[in-house]
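A look at the structure
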There are 2 protein chains.
Amino acid sequence: MSLDREQVLRSAAALLTRKSTATMDEVARAAGIGRATLHRHFAGRDALVRALENLGIQEVEAALDAAALDEGPAQDALRRLVAAVEPSAGLLSFLVTENQLFEGEEVNEGWSRLDARVSAFFRRGQERGEFRIDLTPAWLTEALYGLISSAAWAVQDGRVASQDFQYMIVELLLGGARRSVEQ
Amino acid sequence: MSLDREQVLRSAAALLTRKSTATMDEVARAAGIGRATLHRHFAGRDALVRALENLGIQEVEAALDAAALDEGPAQDALRRLVAAVEPSAGLLSFLVTENQLFEGEEVNEGWSRLDARVSAFFRRGQERGEFRIDLTPAWLTEALYGLISSAAWAVQDGRVASQDFQYMIVELLLGGARRSVEQ
DNA sequence: TTTCGGTGAGACATTGTTGTCTCATGTGGT
DNA sequence: ACCACATGAGACAACAATGTCTCACCGAAA
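Residues numbered from 1 in each chain as written. Chains lettered and ligands numbered in written order. Predicted model: local features only at pLDDT ≥ 70, side-chain atom pairs only at ≥ 80, totals over all residues. Heavy atoms only, no water.

We now examine the interface of chain A and chain B. Listed per partner, the contact involves 44 residues of chain A and 44 residues of chain B. Interface area for chain A against chain B, summed over the two sides, is near 4,300 Å², with a carbon-plus-sulfur share of 57%. Summed over the three residues of chain A that lose the most area to chain B, namely A:R132, A:W139 and A:R178, the buried surface amounts to 20% of that side. At the junction of chain A and chain B, the tally comes to 4 salt bridges. Between A:R159 and B:E142 there is a salt bridge, with its nearest N and O atoms 2.4 Å apart. The tally of links between chain A and chain B comes to 24 residue pairs in polar contact (both at pLDDT 80 or more). (Contact = heavy atoms within 4.5 Å. Buried area = accessible area lost by both parts, 1.4 Å probe. Salt bridge = Lys/Arg side-chain N within 4 Å of Asp/Glu carboxyl O. Polar contact = N/O pair within 3.5 Å; in protein donor to acceptor, adjacent residues only side chain to side chain.)

Shown next as structure tokens:
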């Protein structure tokens, strides 16, 4: 029977999200296949991680598309984005950490595309007068990634309810912790 | 000549902050000592990481003390805290990531203490009416860690100016990205 | 100068992971 | 029923990192 590459990647993502140092053997067992088979489909650990990278980028890109960041108020668009990216949060968190290990080496161009799109979105929000202009789009982008990762771990560790995922990220990123008079 | 344990830990922290997978050999060379000597002072990699953990906890705890979180407006206290913790941001980021690998195992009690103090601070801010009450102290604590880590990496990669470190974290955490009428 | 303690360098065994290979099995398609 | 092919299991070598050990060296103190 031909192996379901997609399903293998899913379970690998689920495992590596929890334990980023998992062995090829562990990944294989988690996917319910033999290590040899895993190796036949992914030349090595690098290839596996790269495949996961492509999967993650693809998912986030799909989330960006689904969120239609160009349409309507930027604040609403951000809500849509966070909601759409939530299922990929764990994988995204893993990949961000993994990317930090590639110091200087060639990084998947996909990340640049994502960064560019998210940054452009924040810039649009600034131009619409919805977002402050003293926080750079680059920083807002980083902060969004960071909050998504933090939230993903907090949910996984049970420190935060999973149903609050979207609300907490968006509310903090948009409104901050300060209690304001309006809104 | 007796080895300067403190200096070794500093350089180890600096290296592991940039490359979390650095070898004992690399750590030794970065500290300008032999691997054998490194091994004489830290029984193994675990011991080294645990020593770094204690160092990081100690630094953050000192930052908490220095920030005097109990005094005055919570917003000002947060500014003081972020400013005080900035030098330890990289190490903190490394340790947070490292801790995620210890799934379930005994975690250094120091983290609980830090979490408790930071959470208590956010709670105080809520009780003073300065912070919103719809975002839990636990989440605000996580978010603070996440933003500090993100900022540390962003600065290290040159995506953000280091002089903006404190401002960006505090402003985003307090006020959020939304452009508001007041403030 | 001699002695003592810490150090650097290197050798070494050990361990864990990776990557490759072989072979028996079993399932799907013909 | 037969064949082709993918798989699982296991053996295997290669490799990297760890942890231990020895030995020569050197600087400080007596």
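There is more to say, and it comes next.
Attention now goes to the relation of the copies chain A and chain B. Rotating chain A by 180° about the axis while translating it 0.0 Å along that axis superimposes it on chain B, leaving an RMSD of 0.0 Å. Taken together, the rotation and translation describe the operation of a two-fold axis. For chain A, the smallest separation between a C-alpha atom and the rotation axis is recorded for A:G176, amounting to 1.8 Å. When you check the interface residues of chain A against chain B, 100% turn up at the interface there too, and the contact is symmetric in its surfaces. (Least-squares fit on C-alpha atoms with pLDDT ≥ 70 in both.)

All right, on to helix α2 (residues 24-31) of chain B then. Residue and element names in this part refer to chain B. For α2, the set of buried residues is M24, V27, A28 and A31. The buried residues of α2 all sit within an arc of 100° when viewed along its axis, so they share a single face. Elements in contact with the buried residues of α2: α1 (5-18), α3 (35-41) and α4 (45-67). At the C-terminal side of α2, G32 shows a positive phi close to 75°. (Buried < 20%, exposed > 50% of the residue type's maximum accessible area, 1.4 Å probe, protein only. Helix = DSSP H or I, 4+ residues; strand = E, 2+ residues; numbered from the N terminus. Arc of directions from axis to C-beta.)

Proteins that are soluble and globular tend to have nonpolar side chains buried together. A:L52, A:W139, A:L144, B:L52, B:W139 and B:L144 are the most contacted members of the largest nonpolar core, which has 120 residues in total. The contacts of B:L144, once residues within four sequence positions are left out, are B:L78, B:L81, B:V82, B:V118, B:F122, B:I169 and B:L173. (Core = buried A, V, L, I, M, F, W, Y, C linked by side-chain atoms within 4.5 Å.)

On to the packing of α4(B) against helix α5 (residues 74-85) of chain B. Residues and elements named next belong to chain B. Contact pair α4 / α5: the axes reach a minimum separation of 8 Å and the direction vectors enclose 145°. Where α4 crosses over α5, the handedness of that crossing is right-handed. Across the interface between the two elements, V60, A63, L64 and A67 of α4 pack against A77, R80, L81, A84 and V85 of α5. Grouping the amino acids of the contact of α4 with α5 by side-chain chemistry returns 8 nonpolar, no polar and 1 charged. (Axes fitted to C-alpha atoms, helices over the stretch in contact; angles between N-to-C directions. Left-handed = near helix turned anticlockwise from the far one by under 90°. Nonpolar A, V, L, I, M, F, W, Y, C, P; charged D, E, K, R; others polar.)

Taking the UniProt record as the reference, the feature "DNA-binding region" (unreviewed entry) is found at residues 23-42 of chain A. Along residues 23-42 of chain A the backbone is 75% helical and 0% strand, and the end-to-end C-alpha distance reaches 14 Å. (UniProt positions renumbered as here; feature names shortened; annotations may be inferred.)

A word on the pattern of salt bridges. Within the structure shown, the criterion is met by 24 salt bridges over all chains. Two residues, B:R117 and B:D65, come together in a salt bridge whose shortest N-O distance is 2.8 Å. Taken together, the residues span a long stretch of sequence, with B:R117 in helix α7 (residues 109-127) and B:D65 in helix α4 at a distance of 52 residues. Here B:R117 falls in the partly exposed class, since its relative accessible area comes to 30%. In the salt-bridge network here, residues are joined through shared partners; they are A:R79, A:E171, B:R132 and B:D134.

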